[in-house]
Each structure stands twice: as C-alpha cells, then as structure tokens.
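A look at the structure
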Amino acid sequence: MKYHIKKPDELTENEIKIILNLWDVSEWDAMEPSYFRSFFKDSEFHFLIDSEEEIVALMRLNFDFVLEISNQQYHFAEAVGLVSAYEKKGYGKQLIKYIIENVGERNLESIGFCLSELRPFYDKCEIPILRDKAKYIKEKSGSEWMPSDDDDILIFNLSEEKKELLHQLSSENNAYLLQ
C-alpha cells in the first residue's frame with residue numbers, strides 16, 4: 001500500500017471521478033473537474049493506493065475550517081470524507097494512521113467529526129474522541145444557528161489548550177462554524 005497526498009489541482013479527471021463515486025453525494029454526481037478543483041481549493045486529498053494503483057481509501061483535509069468560541073477564532077484542518085472502497089479490509093484504519101502521522105509531523109491542528117455509531121471504528125483507530133461535543137458546534141442555516149448533525153469531535157492532532165477548549169463546549173458555551 002502507498003500513501004499519497006494531492007492538492008485539488010494535482011488530481012486527474014479520473015481520480016476526481018473515483019472520489020465523487022466513493023463519496024456518493026447525489027448533489028455532486030454531475031460535478032465537473034474544474035468546478036471540483038475550485039470547490040475544494042482549500043483542501044488536500046489523502047489516499048491509500050494498492051499495488052494496482054487503485055484508490056482503496058481516501059480522506060480530505062479541509063483547511064477552510066474556522067470555529068468561533070467565546071468571540072475568538074480558531075483555525076483547524078478538518079479531516080472529513082473518510083471512505084474505503086472495500087469494507088472490513090482495514091484500509092480506512094491504515095489511512096487514518098498515515099494521516100495522524102502526517103498532521104503530527106506538520107504540526108497541523110486537525111479535528112474531525114462522527115456520529116455516535118462510528119465510535120467503535122474510531123476507538124479501534126485509537127483516535128481520541130470528545131464524546132457528545134460536536135452538537136455544541138452551531139452551523140448557519142439561513143439566518144439561524146443550528147446544531148451540528150454530528151455527535152463527537154475526533155482529535156487527529158491538537159494542542160492541549162485546544163483540546164481543553166473543545167472539551168469545555170456545552171449548551172452554555174457553543175462554538176460557531178464561520179463560513
């Protein structure tokens with residue numbers, strides 16, 4: 001297995017097609033490569049590739065992720081869109097190990113999110129989880145602030161100060177996703 005990282009403008013049209021197919025988001029089905037590259041311009045794509053040069057797992061780091069907590073802005077690299085082409089083969093877990101090592105070496109403050117049903121998987125990956133904290137992150141929907149759909153915050157690489165900051169999120173101490 002090989003680990004690769006690519007910026008959107010380094011992706012081939014075929015790789016973009018594979019990514020969109022693996023993500024399976026109906027609104028993105030007809031996304032053209034040029035629009036994909038523009039839409040995900042503040043991202044990088046992390047891949048696990050097998051000996052046949054097939055993408056077997058992928059995840060995106062979103063660098064356009066800012067939370068406002070107590071009137072202060074905090075920038076994170078958001079680890080999002082983890083998908084494996086084949087379930088129960090260990091590819092997702094293996095990719096996560098590479099990503100944790102990579103963001104650690106680069107000292108990127110990086111978090112992700114998950115629903116409570118996915119906790120066992122992330123526990124197996126030895127990812128620290130701030131359970132039931134993601135719902136205290138509010139996202140703008142029209143003119144209203146709505147709670148996140150996710151349950152948990154995943155810690156890929158974070159300073160103790162930021163871990164504590166996120167650990168303290170509550171109904172009285174919300175974070176707001178700035179867009």
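So, a few notes on the structure that sits alongside this text. (Residues numbered from 1 in each chain as written. Predicted model: local features only at pLDDT ≥ 70, side-chain atom pairs only at ≥ 80, totals over all residues. Heavy atoms only, no water.)

1. Some points on the packing of aromatic side chains
- For the structure on display, the rule yields 15 aromatic pairs.
- Counting every residue linked through ring pairs, the aromatic cluster contains Trp23, Trp28, Tyr35, Phe36, Phe39, Phe40 and Phe45. (Phe/Tyr/Trp six-rings, centres within 6.5 Å; stacked < 30°, edge-to-face > 60°.)

2. Comments concerning the pattern of salt bridges
- Under the counting rule described, the total for this entry stands at ten salt bridges.
- The residue Glu53 makes a salt bridge to Lys2 at a minimum N-O spacing of 2.5 Å. Of this pair, Glu53 sits in the loop between strand S2 (43–49) and strand S3 (55–69) while Lys2 sits in strand S1 (residues 2–6); the two residues are 51 residues apart in sequence, bridging distant segments of the chain.
- In this structure, Arg106 and Glu44 form a salt bridge, with 2.6 Å as the shortest nitrogen-oxygen distance. One end of the pair, Arg106, is in the loop between helix H3 (91–105) and strand S5 (110–114); the other, Glu44, is in strand S2, and 62 residues separate them in sequence.
- Overall, Arg106 belongs to the partly exposed group, its relative accessible area being 37%.
- Residues joined in a network through salt bridges with shared partners are Arg119, Asp132, Lys135 and Asp152. (Salt bridge = Lys/Arg side-chain N within 4 Å of Asp/Glu carboxyl O. Helix = DSSP H or I, 4+ residues; strand = E, 2+ residues; numbered from the N terminus. Buried < 20%, exposed > 50% of the residue type's maximum accessible area, 1.4 Å probe, protein only.)

3. What about the environment of Ile100?
- Along the chain, Ile100 falls in helix H3.
- The class of Ile100 is partly exposed, set by a relative accessible area of 26%.
- In this structure the C-alpha to C-alpha distance between Ile100 and Phe156, which are 56 residues apart in sequence, comes to 5.6 Å.
- Residue contacts for Ile100: discarding those within four places in its chain leaves Ile127 and Phe156. (Contact = heavy atoms within 4.5 Å.)

4. Observations concerning the environment of Leu115
- With respect to the helices and strands, the residue Leu115 is situated in the loop between S5 and helix H4 (119–124).
- Once the C-alpha coordinates of Leu115 and Asp152 are considered, the two residues, 37 residues apart in sequence, prove to be 6.2 Å apart.
- Those residues in contact with Leu115 that lie beyond four places of it in its chain are Asp149, Asp150, Asp151 and Asp152.

5. Remarks on the side chain of Ser43
- Topologically, Ser43 is positioned in strand S2.
- Engagement of the side chain of Ser43 in a polar contact is seen with the side chain of Arg60, the distance being 2.7 Å.
- Ignoring anything within four residues of it in the chain, the contact list for Ser43 reads Lys7, Pro8, Arg60, Leu61, Asn62 and Phe63. (Polar contact = N/O pair within 3.5 Å; in protein donor to acceptor, adjacent residues only side chain to side chain.)

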